[in-house]
Every structure is written in C-alpha cells, then in structure tokens.
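Examination of the molecular architecture
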Amino acid sequence: MLRMEEARRADMDSDSANVTSLHRPLTDPFQRTISYLRVSVTDRCDFRCVYCMAEDMTFLPKREVLTLEELDRLCSVFVRRGVRKLRITGGEPLVRRDIMTLFRSLSRHLDTGALEELTVTTNGSQLGKHAADLAACGVKRVNVSLDTLDPDKFRKITRWGDLGQVIGGIDAAQRAGLKIKINAVALKGVNEDEFERLIEWSHGRGMDLTFIEVMPLGDIGPARIDQFLPLSVVRARLLDRYTLEDIDYATGGPARYVRIRETGGRPGFITPMTHNFCESCNRVRLTCTGVLYMCLGQEDAADLRSPLRASPDDRIVSAAIDRAILRKPRGHDFVISRRQAPASARHMSTTGG
Ligand code: SAM
Ligand code: SF4
C-alpha cells in the first residue's frame, strides 16, 4: 500500500512537468503496439469461484473506486491513444450499479470508428437482464465463464452461483444476437470428465469455447497445485476421441486454436503456465481504482487515478500512460508449486480476466 502511495506521489510530480501528445500510438520498449485495454470496473462479484476468490473477500471501499464518468474519461484517453479494443470485466462487471451508462457512453467511440470492438467478460448471471441493452450499445461478442454443465458442480465451483440463471443469460444473449465465447478453466479432479461435453454443448449452440489454465493469482485458501491441470492433459484427453488439427486461426488474444476434424469445432487453449504467449502481447489492464498493470503476471503498476483527478486536462493522464507503457515488461514468469506463494498477491478479480 505504501509503495503504491509513493508511486502515486512520484507519478504526480513528474506528471505536471511532463505533458505529451494525445494522439501518438502507445508502443512499448519491445516495439509492441498497445491496442487492447481490459478494464475491471468493480472488484465485487455475486459468485465466489474457488480458483478466483476466497469465500470471505474484503472488497475495496467505494470511495477508492473510479466513478463511471472517470472510467469513461480514462477509457476515452486510451482510445485516443490508439486502443481499438476495450473489454469490460471485473469482478463481475454486470453487478456494478448503472453499468449500462458506461457501455452507452463508450459506444460513441464505436459510432465514430475510433474503437473497433467493445466487449465484456461476465459470469452470465446478469445477462438475462442486460443482454438486449448490451447489443443496443454495439457490443457484438460476450465472453461467458462457465466451467461445468453440472448444476451441483457449478454450485461447488462458484460457491454462490446458479447454473440455470447463467444458462438463461446465455439464452437471452443469443436471442439478442450476441456472439458468445465460453471460457472454461480446467480444474484437476473437478471438470476433467466434462471437456468433451463442454465442447459438444458449446459448438452445438454455435458458441466458441476456450479452455484456460489456472494461474497463480491471489491467495484463495486451497493450494493451487491441487487445482492446476495443464492443458496438454486436456488436449491429450481430447485426442482419445477426436482428430485435432493445428490451425492459424487467431482472434488477437492469447488463445491458440485447433480444429476438431469430426465436428468442425474450433476450441481454443490459453496456456499461460505451459506455453508463454507474451511475445505478441498487445494489452494492458486497468483496475477499478485506476491502477494500470502493464502485465497480468507482474507487480509493477502505475497510478492513473491521481493524474486523472488532478486536472481536467487529459494530457496529464496521457503522459502518465506514456511513462507506464515504457515500463511494460517482456513477459510474466508464473510458477505453480507447493512451496511457492502465489505469483501475484492480486486476485484475478482485481485486474480482470
Ligand atoms: N466475473 C467475470 C467472469 O467470471 O467471467 C469476469 C472476471 S473473471 C476474473 C475473468 C476470467 O478469469 C474468468 O473466465 C475466470 O474463470 C478467470 N479466472 C479467475 N481466476 C483465475 C485464475 N486464478 N486462473 C485462471 N483463470 C482465472
Ligand atoms: Fe466472480 Fe468471475 Fe472471479 Fe468467478 S471468476 S469469482 S465470477 S470474478
């Protein structure tokens, strides 16, 4: 906490002296252009997934959290600096009060063409309520996190979630014309027997599916090593049943895709632990308190809230973004082991998935 306060002060001092162009693209020291911003709009959630949160989480006091107007202003500065894709995430983004105001306001950047895509990652619990509004705001694709199709298992994984409500949300989203990608975290001994069912169900409903490896983020109680299942195991298991063909298909994210010859389906694999995908990283992550993380797996971060609140002149916060991007590291170095503490004390719900 102290380090963050010091960083805030240091950043403030140099911000006033350092005003930059508002339209120059953001390029990091490894010549990667930053065109993708993920924004966690809240650290709160109506679920408590066992790999993501402890059951008794302490959430941020509301005064620390950026207002929807501040989030809009900050996102808009990133858009001016060349960000073409915005993903709204959390915590659970759709539980934030009046969140549709933010979507409505950000959609103006889609109208002008400055922004290519506005998307959301959600647990699906509130999609029934918001799907039609999201579509009206120009959202075309939604990522829904769903690790099992078994209602009891779903309750165990999410602790508080209701599978029926999430499926109802997915139904509503499809009715509203949203394209859906299901994200399933591979969990040892939990959903290992469901990979094929998840594939057949998703592809049968015209939805993409991506498997994700558990990452060592935040202290969640039980040891990570007990949850971790390398996706090489998932792949091997699918090979028992299907023929998998490597394909070049890419969506600009870290997933690698294969084609299942028998079904034509195209599951993706996100393998931060067993296959580092950092060399093509084009993204940064903003927390709901205005802290910018240049890498999901590293602690270095820049405070953007102070420069944002210090002046209505966007050049001040834009200069702070410039300095942050210059510190973007080459990549992460996650390790999961019994002896090692989490790679990062931050939960995934802080930085957003
Ligand atoms: N609440 C929303 C949801 O669940 O989709 C958005 C936020 S959630 C943090 C984003 C994604 O991160 C989800 O797909 C979730 O499964 C994934 N996730 C959370 N903790 C993780 C961890 N430790 N390792 C890998 N994925 C994780
Ligand atoms: Fe909530 Fe998403 Fe984390 Fe589950 S993964 S606890 S739904 S933020």
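Our subject is the structure listed above.
The following paragraphs examine the structure supplied in this document.

Quick notes on the rules
Residues numbered from 1 in each chain as written. Chains lettered and ligands numbered in written order. Predicted model: local features only at pLDDT ≥ 70, side-chain atom pairs only at ≥ 80, totals over all residues. Heavy atoms only, no water. Helix = DSSP H or I, 4+ residues; strand = E, 2+ residues; numbered from the N terminus. Buried < 20%, exposed > 50% of the residue type's maximum accessible area, 1.4 Å probe, protein only. Contact = heavy atoms within 4.5 Å. Areas by Shrake-Rupley, 256 points an atom, 1.4 Å probe, with all protein chains shown as cover. Expected span 1.5 Å × (residues − 1). Near = heavy atom within 4 Å. Polar contact = N/O pair within 3.5 Å; in protein donor to acceptor, adjacent residues only side chain to side chain. Nonpolar A, V, L, I, M, F, W, Y, C, P; charged D, E, K, R; others polar. Salt bridge = Lys/Arg side-chain N within 4 Å of Asp/Glu carboxyl O. Right-handed = clockwise from strand over helix to strand, strands pointing away. Lys, Arg positive; Asp, Glu negative; His and termini not counted. Axes fitted to C-alpha atoms, helices over the stretch in contact; angles between N-to-C directions. Parallel < 35°, antiparallel > 145°, perpendicular 65-115°, else oblique. Left-handed = near helix turned anticlockwise from the far one by under 90°. Pairing = 2+ DSSP bridges.

What follows concerns the overall build of the protein. Scanning the protein from terminus to terminus reveals 11 helices and 12 strands. Expressed as a percentage of the 353 residues in the protein, the buried residues total 55%. Across the protein, contacts joining residues at least 24 apart in sequence account for 73% of those joining residues at least 6 apart. When the accessible area of the protein is evaluated, it comes to approximately 15300 Å², of which 51% is carbon and sulfur surface.

Note: α-helices contain 3.6 residues per turn, so residues at a spacing of three or four share the same orientation. Given a rise of 1.5 Å per residue, 13 residues ought to cover 18 Å, and the 18 Å separating the end C-alpha atoms of helix 2 (residues 68–80) matches this to within 8%. Most of helix 2 sits out of view: 10 of its 13 residues are buried. Taken together, the buried positions of helix 2 are occupied by L68, E70, L71, D72, L74, C75, S76, V77, F78 and V79. One or two residues past the end of helix 2 sits G82, with phi positive at roughly 105°.

If you check the shell around ligand 1, you find 18 residues, and the closest are Y51, G91, T122, S145 and M215. Between a nitrogen atom of ligand 1 and a main-chain N or O atom of G91, the distance comes to 3.0 Å. Contact distances for ligand 1 include 2.5 Å between an oxygen atom and a side-chain N or O atom of S145. Surface burial for ligand 1 is 96%, taken as the share of its 550 Å² of free accessible area covered by protein chains. Here the shell around ligand 1 is built from residues that sort into six nonpolar, nine polar and three charged.

Under the defined criterion, the tally for this structure stands at 22 salt bridges. Note that E192 and R237 form a salt bridge whose closest N and O atoms lie 2.8 Å from each other. Of this pair, E192 sits in the loop between strand 5 (179–185) and helix 7 (195–204) while R237 sits in helix 8 (residues 231–239), and the two are 45 residues apart along the sequence. Assessed through its relative accessible area of 21%, E192 is described here as partly exposed. As a salt-bridge pair, R259 and E245 come within 3.9 Å of each other at their nearest N and O atoms. One end of the pair, R259, is in strand 8 (residues 256–260); the other, E245, is in strand 7 (residues 244–246), and 14 residues separate them in sequence. Taking the relative accessible area as the measure of exposure, R259 reaches 34% and is therefore partly exposed. Overall, the relative accessible area of 25% leaves E245 in the partly exposed class. The network of salt bridges with common partners includes K153, D193, E194 and R197.

Another aspect to go through is the pairing of strand 1 (residues 36–40). Counting buried residues in strand 1 gives five out of five residues, a clear majority hidden from the surface. Crossover strand 1 to strand 2 (residues 85–89) through helix 2 is right-handed.

All residues adjacent to ligand 2 are C45, F47, R48, C49, C52, M53, G91 and N123. Taken together, the residues that form the shell around ligand 2 break down as five nonpolar, two polar and one charged.

Relative to the elements of secondary structure, N191 occurs in the loop between strand 5 and helix 7. On the basis of relative accessible area, N191 is assigned to the buried category, the value being 0%. Engagement of the side chain of N191 in a polar contact is seen with the backbone oxygen of D147, the distance being 3.0 Å. With sequence-adjacent residues up to four places away left out, N191 is seen in contact with D147, K153, V185 and A186.

Attention now goes to the side chain of R38. Considering the arrangement of structural elements, one finds R38 in strand 1. Nearest to the buried, unbridged R38 among oppositely charged side chains is E117, at 9.6 Å. Within the structure, the side chain of R38 is placed 3.1 Å from the side chain of Y36, a separation counted as a polar contact.

Direction vectors running N to C along helix 2 and helix 10 (residues 314–325) enclose 65°, while the axes themselves pass 10 Å from each other. The orientation of helix 2 relative to helix 10 falls into the category roughly perpendicular. Once helix 2 is placed against helix 10, the crossing between them reads as right-handed. For the pair helix 2 and helix 10, the contacting residues are R73, L74, V77, F78 and R80 in the first and D314, V317, S318 and I321 in the second. Residue composition of the contact of helix 2 with helix 10, grouped by class: five nonpolar, one polar and three charged.

What follows covers the sheet that holds strand 9 (residues 268–270). Reading across the sheet, the 12 strands line up as 7-8-9-6-5-4-3-2-1-10-11-12 and stay open at both edges, with mixed pairing between neighbours. Because the sheet does not close on itself, it has two edges, and the strands there are strand 7 and strand 12 (301–303). Strand-to-strand twist in this sheet, taken as the mean axis angle between neighbours without regard to direction, amounts to 25°.

With that settled, consider the environment of I170. Here I170 shows up in helix 6 (residues 163–175). Residue classification places I170 among the buried positions, given a relative accessible area of 0%. Remark: the alpha-carbon pair of I170 and L127, spanning 43 residues in sequence, is separated by 6.8 Å. Setting aside residues no more than four positions away along its own chain, I170 makes contact with L127, V144, L146, I180, I182, W201, R205 and M207.

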